[in-house]
Amino acid sequence: MNEKFTFKITIIGDGAVGKTSLIRKFTQGGFQDEYIQTIGAQFSKYTEEIEGDNCKLFFWDIAGQDTFHFLRPAFYKSSLAAIIVFSLEENDFGRESFKHVPNWQNEIKKFCGDIPILLFGNKVDLIDEKTFNEEKILKFVNKKDFFGYYKTSAKTGQGVYEAFQAIIQKLYSKYKEISVS
Ligand code: G3D
Ligand code: MG
């Protein structure tokens, strides 16, 4: 079995922004989907064949917020990429979840070093995209050097496939290159 393309991707963000729902929405389309819950964390396995290589992805998602702090190092260990999720909702909950993004980013840096980080603005179905002012978010995204920013909805599925594919393709090309050179 080729273990070269086994990727752990950690998904983090405030409670109730939709992390678990996003993973479920995305992995549902895969032909292999497992959802395993452990203490403090749960992970989903997803398999995809890219250019004839069998890629195995493990999406790690924190179960319960703020508890199990002592497990954080184990939770982050060996992550090759991370996804930070916030909610686009125009209320205190949404705004707070965006305000906390830098904290999550620092935590990832602390435990994982310099790995690609994607930002998902979730629950896009709950906003009016025509009137929504995205300027603040886009400025922040550019300044903070994210690998990408995607608006998603775990409810309608909008943007979910593209967003996850972006990180999978990125990891695949990165590790393909390493294995060739
Ligand atoms: P978490 O894993 O980040 O804590 P969950 O968040 O995936 O458990 O989702 C929290 C709540 O938000 C759930 O509602 C879920 O259905 C809802 N949700 C997640 N993503 C979306 C989305 O894109 N759009 C909308 N409208 N709702 C979403 P409940 O009511 O089950 O707690
Ligand atoms: Mg969850």
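Our subject is the structure that appears above.
Residues numbered from 1 in each chain as written. Chains lettered and ligands numbered in written order. Predicted model: local features only at pLDDT ≥ 70, side-chain atom pairs only at ≥ 80, totals over all residues. Heavy atoms only, no water.

Participant: Hey, could you run me through the overall build of the chain in this one?
Facilitator: Assigned secondary structure in the chain consists of six helices and seven strands. Ordering the α and β elements of the chain from the N terminus gives β-α-β-β-β-α-β-α-α-β-α-β-α. Out of the 181 residues belonging to the chain, those deemed buried represent 50%. The long-range fraction of contacts in the chain, counting pairs at least 24 apart against all pairs at least 6 apart in sequence, stands at 71%. Accessible surface, the chain as shown: approximately 9,300 Å² in total, 52% of it carbon and sulfur. (Helix = DSSP H or I, 4+ residues; strand = E, 2+ residues; numbered from the N terminus. Buried < 20%, exposed > 50% of the residue type's maximum accessible area, 1.4 Å probe, protein only. Contact = heavy atoms within 4.5 Å. Areas by Shrake-Rupley, 256 points an atom, 1.4 Å probe, with all protein chains shown as cover.)

Participant: When you look at the pattern of salt bridges in this model, what are you seeing that I'm missing?
Facilitator: Side-chain pairs of opposite charge can arise whenever the charged atoms involved come near each other. All told, the structure shown has six salt bridges when counted by the stated rule. R95 is the partner of D92 in a salt bridge, and the nearest nitrogen-oxygen pair spans 3.4 Å. Here the residue D92 and the residue R95 both occupy positions in helix α3 (residues 92–99), the gap between them amounting to three residues, near one helical turn. Here K99 and E96 are joined by a salt bridge, their closest N and O atoms 3.1 Å apart. Residue K99 and its partner E96 are both found in helix α3; the two are separated by three residues, about one turn of the helix. Residue class for K99 comes out exposed when judged on its relative accessible area of 56%. What emerges from the salt-bridge pattern is a single network uniting E129, E134 and K151. (Salt bridge = Lys/Arg side-chain N within 4 Å of Asp/Glu carboxyl O.)

Participant: When you look at the packing of aromatic side chains in this model, what are you seeing that I'm missing?
Facilitator: Each aromatic ring pair is summarised here by two numbers: the centre-to-centre distance and the angle between the ring planes. If you walk through the whole model with that rule in mind, you get 19 aromatic pairs. Measuring from ring centre to ring centre gives 5.8 Å for F43 and F58, while their planes differ by 70°; the resulting arrangement is edge-to-face. With F43 in strand β3 (residues 41–50) and F58 in strand β4 (residues 53–62), this residue pair connects regions lying 15 residues apart in the sequence. Residue class for F43 comes out buried when judged on its relative accessible area of 17%. (Phe/Tyr/Trp six-rings, centres within 6.5 Å; stacked < 30°, edge-to-face > 60°.)

Participant: Please clarify how the packing of helix α1 (residues 19–28) against helix α6 (residues 160–180) should be interpreted in this entry.
Facilitator: Think of two packed helices as two axes; the pair is described by the angle between the axes and how far apart they sit. Across the interface, α1 lies against α6 with an axial gap of 10 Å and an inter-helix angle of 85°. Taken together, the axes of α1 and α6 are roughly perpendicular relative to one another. Across the interface between the two elements, L22, I23, K25 and F26 from α1 touch V160, Y161, F164, Q165 and I168 from α6. Among the residues forming the contact of α1 with α6, the class breakdown is seven nonpolar, one polar and one charged. (Axes fitted to C-alpha atoms, helices over the stretch in contact; angles between N-to-C directions. Parallel < 35°, antiparallel > 145°, perpendicular 65-115°, else oblique. Nonpolar A, V, L, I, M, F, W, Y, C, P; charged D, E, K, R; others polar.)

Participant: Just checking my understanding: could you explain the nonpolar core for this structure?
Facilitator: Proteins that are soluble and globular tend to have nonpolar side chains buried together. Core analysis: the biggest nonpolar cluster contains 29 residues, and F7, I9, F59, I83, F120, F164 and L171 have the highest contact counts within it. Elements that contribute at least two residues to this core include exactly β1 (6–13), α1, β3, β4, β5 (81–87), β6 (117–122) and α6. At nine residues, the largest contribution of residues to this core is made by α6. If we ignore the near neighbours within four places in the chain, the residues touching F7 are C55, K56, L57, F58, L80, L171, Y172 and Y175. The next biggest cluster of nonpolar side chains, apart from the first, holds 27 residues, and it includes I62, F75, F98 and Y149. (Core = buried A, V, L, I, M, F, W, Y, C linked by side-chain atoms within 4.5 Å.)

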